[in-house]
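Examination of the molecular architecture
In case you want the letters, here they are:
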Amino acid sequence: MTVKAHTRREFLQHAASAAAFGATALSGLSAFATPGTAAPIDEHARLIPYGSAARADALATDVAYREAIVTNCDIVVPEGEMKWPDIHPARDQFRFEKSDALVDFARQNNIEIRGHTLAWYGGMPAWTNDIASRGEAEGELVGHIETVVSRYRGDIASWDVVNEPLIDWPEDANSLRPSIWTRQLGPDYIPIALRTTASVDPATRLVLNEYDVEYKGDRFAARRMALVQLLRALRDRDVPLHALGLQSHLFADRVFDRDALQAFLRDIVALRLDVLITELDVIDYELPGDIGQRDARVASIARDYLEAVCEVVRPRAILTWGLSDRYTWVPTWFKRRDGLPNRPLPFDADLKPKPLFDVIEDFRRRFA
Ligand code: G3I
């Protein structure tokens, strides 16, 4: 079903005589810009692009937060506004207000925007439970991707097409998270989602996004092994895919397996895949309450991790799952027993930069 829907960009271009919206002018610093195509290389343009998850409601109501995003981010990614519950709440209903607002915000501020996410088990709207056949499931998945990706064609530089495909402790690449997609389409939902996205927007970069590959332990070893198997199988079948997204939700109470992580990353590079750090934050609920100590620990955990990654591969971008402790998912799942606010992000709740911000800036420069 090929829909030649006018993209939002085309609509706005017509509305505003398109010249002002030339694609390359958009992203001052692009994760996937190949040297020589972007604007003349200045110091800034050589840095690893930095970005953050952003919330449309907060951008609309919190001026200081919005200014901090504009000042510090080369890239934004919607924390929830492009997920099925928000954008496709009912079978025949799409809701674009908040996602459009984020795309417009990015365009108006010359910030690149990533898409998150098209095929994920998490938080699927209830109506999808009524999908009762393979054909219906494929129709809904393809229809959703065609509608959403075509709307933002030319705006969205990269999509987390497939998010968190593996179960927590996989045996192998077939250990996929149960979802409406695996129930009706089995493992085929992954190539269907990737091929459909590539056909609707051949220019957008296709990312498969996963977490928990950094640490010592059998579960993490199993995840690294299964993920390489899954990506290799996609490569062997010529399924379009450009990059692996490392969510990088880091835990202060876990031990990095530096050697295993680096071996894993060498496997990813050997598969000719780029690497993005897509959702970095440091889960601090086990750290001491003292803010100075805690912020220093958060920064050193991120430094050890970024060191291990960047020694093997230059990430195409480093994104944190939020800019400021003012807006973070962490207390939802990892509230501190002492009741103190979590501090997992580069800026505190008063939008003051923290040692974590300096660490990220340092790696952006050192591995430019
Ligand atoms: O929008 C509804 C609102 O209408 C309703 O009143 C409210 C109360 O139930 O819920 C709101 O939806 C919440 C949504 O965030 C938007 O804020 C959902 O309940 C809540 O579950 C959802 O949490 C998000 C979660 O993903 C699930 O989508 C978090 O903000 C977001 O940080 C988290 O992000 C995930 C990444 O997508 C994937 N990787 C892990 C990361 C952290 O879990």
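Residues numbered from 1 in each chain as written. Predicted model: local features only at pLDDT ≥ 70, side-chain atom pairs only at ≥ 80, totals over all residues. Heavy atoms only, no water.

Observations concerning the side chain of Thr278
Within the secondary structure, Thr278 sits in strand β8 (residues 274–283). Excluding residues within four positions of it along the chain, Thr278 makes contact with Arg114, Asp160, Asn209, Gly245, Leu246, Gln247, Leu319 and Trp321. (Helix = DSSP H or I, 4+ residues; strand = E, 2+ residues; numbered from the N terminus. Contact = heavy atoms within 4.5 Å.)

A word on the site of the ligand
What surrounds the ligand is the set Glu79, Lys83, His116, Trp120, Asn163, Glu164, Gln247, His249, Glu279, Trp321 and Trp329. In the environment of the ligand, an oxygen atom lies 2.5 Å from a nitrogen or oxygen atom belonging to the side chain of Glu79. Contacts to the ligand include Lys83, whose side-chain N or O atom sits 2.7 Å from an oxygen atom. Protein chains bury 44% of the 790 Å² of accessible surface belonging to the ligand in isolation. (Near = heavy atom within 4 Å. Polar contact = N/O pair within 3.5 Å; in protein donor to acceptor, adjacent residues only side chain to side chain. Areas by Shrake-Rupley, 256 points an atom, 1.4 Å probe, with all protein chains shown as cover.)

Structural notes on helix α8 (residues 134–151)
Spanning 18 residues, α8 covers 26 Å between terminal C-alpha atoms, matching the ideal 26 Å at 1.5 Å per step. Within α8, burial applies to Ala137, Glu140, Leu141, Val142, Gly143, His144, Ile145, Glu146, Val148, Val149 and Ser150. For α8, the elements touching its buried residues are α6 (84–87), β3 (112–120), β4 (156–163), α9 (180–185) and α10 (189–200). (Expected span 1.5 Å × (residues − 1). Buried < 20%, exposed > 50% of the residue type's maximum accessible area, 1.4 Å probe, protein only.)

Concerning the pairing of strand β6 (residues 243–246)
Consecutive side chains of a regular strand alternate in pointing toward one face of the sheet and then the other. Burial along β6 is two-sided: the face carrying Ala243 and Gly245 and the face carrying Leu244 and Leu246 are both buried. As paired strands, strand β5 (residues 205–210) and β6 are joined by 4 bridges and run parallel to one another. Bridge pairing in β6 places Val207 opposite Ala243. Handedness of the β-α-β unit built from β5, helix α11 (residues 218–236) and β6 comes out right-handed. One ladder, built from 4 bridges, connects β6 with β8; its direction is parallel. Directly across from Leu246, in β8, lies its bridge partner Ile277. (Pairing = 2+ DSSP bridges. Right-handed = clockwise from strand over helix to strand, strands pointing away.)

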